[in-house]
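# Topology and contacts: notes
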Amino acid sequence: MAAAEPKPPAGTAAARRLARGCWSAFWDYETPKVIVVKNRRLGIVYRAVQLLILLYFVWYVFIVQKSYQDSETGPESSVITKVKGITSSENKVWDVEEYVKPPEGGSVFSIITRIEVTPFQTLGTCAESMRVNNATCDSDEDCVAGQLDMLGNGLRTGRCVPYYHGSSKTCEVSGWCPVEDGASVSQFLGTKAPNFTILIKNSIHYPKFQFSKGNIENRKDGYLKHCTFHEVSDLYCPIFKLGYIVEQAGENFTQLAHTGGVIGVIINWDCDLDLSASKCNPKYSFRRLDPKHVPASSGYNFRFAKYYKINGSTTRTLIKAYGIRIDVIVHGQAGKFSLIPTIINLATALTSIGVGSFLCDWILLTFMNKNKVYSHKKFDKMVDAPKRGAGPGLGTSEPSQQDCALTDARGLAQL
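The structure contained in this document is the topic of the report that follows. Model, not experiment: these values are computed from the prediction.

Calculation criteria
Residues numbered from 1 in each chain as written. Predicted model: local features only at pLDDT ≥ 70, side-chain atom pairs only at ≥ 80, totals over all residues. Heavy atoms only, no water. Axes fitted to C-alpha atoms, helices over the stretch in contact; angles between N-to-C directions. Helix = DSSP H or I, 4+ residues; strand = E, 2+ residues; numbered from the N terminus. Parallel < 35°, antiparallel > 145°, perpendicular 65-115°, else oblique. Left-handed = near helix turned anticlockwise from the far one by under 90°. Contact = heavy atoms within 4.5 Å. Nonpolar A, V, L, I, M, F, W, Y, C, P; charged D, E, K, R; others polar. Core = buried A, V, L, I, M, F, W, Y, C linked by side-chain atoms within 4.5 Å. Buried < 20%, exposed > 50% of the residue type's maximum accessible area, 1.4 Å probe, protein only. Polar contact = N/O pair within 3.5 Å; in protein donor to acceptor, adjacent residues only side chain to side chain. Disulfide = S-S within 2.5 Å. Expected span 1.5 Å × (residues − 1). Arc of directions from axis to C-beta. Phe/Tyr/Trp six-rings, centres within 6.5 Å; stacked < 30°, edge-to-face > 60°. Lys NZ or Arg CZ within 6 Å of the ring centre and 35° of its normal. Salt bridge = Lys/Arg side-chain N within 4 Å of Asp/Glu carboxyl O.

## Section: the packing of helix H2 (residues 40-64) against helix H8 (residues 355-366)
Between H2 and H8, the shortest axis-to-axis distance is 9 Å and the interhelical angle comes to 155°. Accordingly, the angle class assigned to the pair H2 and H8 is roughly antiparallel. Considering the relative orientation of H2 and H8, their crossing is right-handed. For the pair H2 and H8, contact is made by Leu 42, Val 45, Tyr 46, Val 49 and Ile 53 and by Val 355, Gly 356, Ser 357, Leu 359, Cys 360, Ile 363 and Leu 364, respectively. Its residues assigned to classes, the contact of H2 with H8 shows ten nonpolar, two polar and no charged.

## Quick word on the nonpolar core
If you look at the biggest cluster of nonpolar residues, it comprises 50 residues, and the most contacted ones within it are Tyr 99, Leu 242 and Ile 326. Counting residues in each nonpolar core, the second largest holds six residues, with Phe 57, Val 61, Phe 62 and Ala 349 among its members.

## Quick look at the side chain of Thr 87
On the secondary structure map, Thr 87 appears in strand S3 (residues 87-88). Accessibility expressed as a relative area gives 3% for Thr 87, which makes it buried. Looking at Thr 87, its side chain comes within polar contact range of the main-chain oxygen of Leu 189, at 2.8 Å. Not counting residues within four places of it along the chain, the set of residues in contact with Thr 87 comprises Lys 92, Val 93, Trp 94, Tyr 99, Leu 189, Thr 191, Lys 192, Ala 193 and Phe 196.

## Some remarks on the environment of Lys 208
Here Lys 208 lies in the loop between strand S10 (197-206) and strand S11 (211-214). Since its relative accessible area comes to 46%, Lys 208 is described here as partly exposed. C-alpha of Lys 208 to C-alpha of Ser 71: the two residues are 137 residues apart in sequence and 8.7 Å apart in space. At 3.1 Å, the side chain of Lys 208 forms a polar contact with the backbone oxygen of Ser 71.

## Thoughts on the state of the cysteines
A full pass over the atoms with the stated rule returns five disulfides. Shown here is the disulfide that connects Cys 126 with Cys 177, its sulfur atoms set 2.1 Å apart. Handedness here is read from the sign of the S-S torsion; for Cys 126 and Cys 177, about -80°, the answer is left-handed. Of this pair, Cys 126 sits in strand S6 (residues 108-127) while Cys 177 sits in strand S8 (residues 169-177), placing them 51 residues apart in sequence. Neither Cys 126 nor Cys 177 differs from the other in exposure class; each is buried.

## Some points on helix H7 (residues 339-352)
Taking 1.5 Å as the rise per residue, H7 with 14 residues should run 20 Å; its terminal C-alpha atoms sit 20 Å apart, in good agreement. Residues of H7 that are buried: Pro 341, Thr 342, Asn 345, Ala 349 and Ser 352. The arc that holds every buried residue of H7, seen down its axis, measures 100°, which confines them to one face. Counted as exposed and oriented over 90 degrees from the buried face of H7: Leu 339, Ile 340, Leu 350 and Thr 351.

## Focus: unusual backbone geometry
For the peptide bond that leads from Lys 101 to Pro 102, omega is -15°, which places it in the cis range. Between Cys 177 and the following residue, Pro 178, the backbone shows a cis peptide bond with an omega angle of -5°. Within the chain, Lys 66 stands out as a residue other than glycine whose phi angle is a positive 55°. Mapped onto the secondary structure, Lys 66 falls in the loop between H2 and strand S1 (69-73). In this structure Lys 66 comes out as partly exposed when scored by relative accessible area, which is 29%. If you check the backbone angles, Phe 120 has positive phi at about 55° while not being a glycine. In this structure, Phe 120 sits in strand S6. The exposure class of Phe 120 is exposed, given its relative accessible area of 54%.

## So, the packing of aromatic side chains
Evaluated as defined, the whole model comprises 15 aromatic pairs. Ring centres 6.2 Å apart and planes at 40° place the aromatic pair Trp 59 and Tyr 60 in the tilted group. Residue classification places Trp 59 among the exposed positions, given a relative accessible area of 54%. Grouping aromatic residues by their ring pairs yields a cluster made of Phe 229, Phe 240, Tyr 244, Tyr 284 and Phe 286. Just above the ring of Tyr 322 sits the side chain of Arg 114; from NZ or CZ to the centre is 4.0 Å.

## Here we look at the pattern of salt bridges
Opposite charge on two side chains permits pairing when their charged atoms draw close. Under the definition given, this model contains eleven salt bridges. We note a salt bridge from Asp 272 to Lys 66, for which the minimum N-O separation is 3.5 Å. Residue Asp 272 is located in strand S13 (residues 261-272), and its partner Lys 66 is located in the loop between H2 and S1; the two are separated by 206 residues in the primary sequence. One salt bridge in this structure joins Glu 251 and Arg 288, with 3.2 Å as the shortest N-O distance. Remark: Arg 288 occurs in strand S14 (residues 283-288) and Glu 251 occurs in the loop between helix H5 (242-248) and helix H6 (253-259); sequence separation between them is 37 residues. Overall, Glu 251 belongs to the buried group, its relative accessible area being 15%. Residue Arg 288 is classed as buried on the basis of its relative accessible area of 15%. Shared partners join several salt bridges into a network, and the residues in it are Glu 251, Arg 288, Asp 290 and Lys 292.

Structural data, given as structure tokens:
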């Protein structure tokens, strides 16, 4: 009698079945199960959600935001400015060399409109300003010799001396005398200032797209010598009157000239490079930048001095200048069609349409009267049971068709 062939271990058979299942899964194609629910209200909600998502992507994402383009923000920019005009104060005529600071013609400059002049200051001793804390005194005992106040005008000598006017006394200091508020004279330069002209020459470059453009008309007929800026007829004549800039910023020129302030000239270059270069034009806007409604820091002023010699001693004229500071700010964005952002946004749009299915499934399984019936039809539940008669320790063999209980609900005819 032939010897019985040994049976392979149960674990080996299970491994073979698993390998066959994995190999089959590699080649098989899987597709989701689709159930059609005859419910008009749910269908309307589903199509409405899809329509809203489609409109959002078509109108806002692709038309408004132009998400099919590759974009670049912050162009490389250069700004050159030039001011022209003359004005006068009570006893002097002022030209550009005197009232424009600094004179280099950069993107930030100041036009002086009012000054407080303290002439003939020399190094010596004099009464301290009453604006300085603890400067007033009644006797020398109230003044400490050698004390230096960082907000004052010099080193205290220890003496209490009469003030420049009135019967008050302040501590004497060693420094540039007389101090500013003791002998300053105010002069207003803003009478003719609204007619000052400002040339703002700007060139931009977008390196990603190798695109460059300037804000001046390319003409050789002396166009810039007789034109001024107009948004429609003279867009490429960047010559602005100072009064026009202040008016467009919503400010009163006389008041601004007395207290000083900062005006921003914003040049925006938003360019759609899918169109011709002539469609890429600068847009100008104007607004005040400094906090005018804060009393402690409103206005704009700065100090400078002019030095000279009288009889061999150094003398200076101290000038506290109030003016209108102009800040030219350039920004923008350029865009051009690119395949990669187009594909990404199209894929996002198609994926987002699936939100309608998720919402309707949630309504279907949560709020509908027969939600349990819908749930049973949408989800098939498989229960895997061990083979009958298998004793402990003998392993499990392949479950038969009777051992896999498929739980199904009532048919669609009962819905």
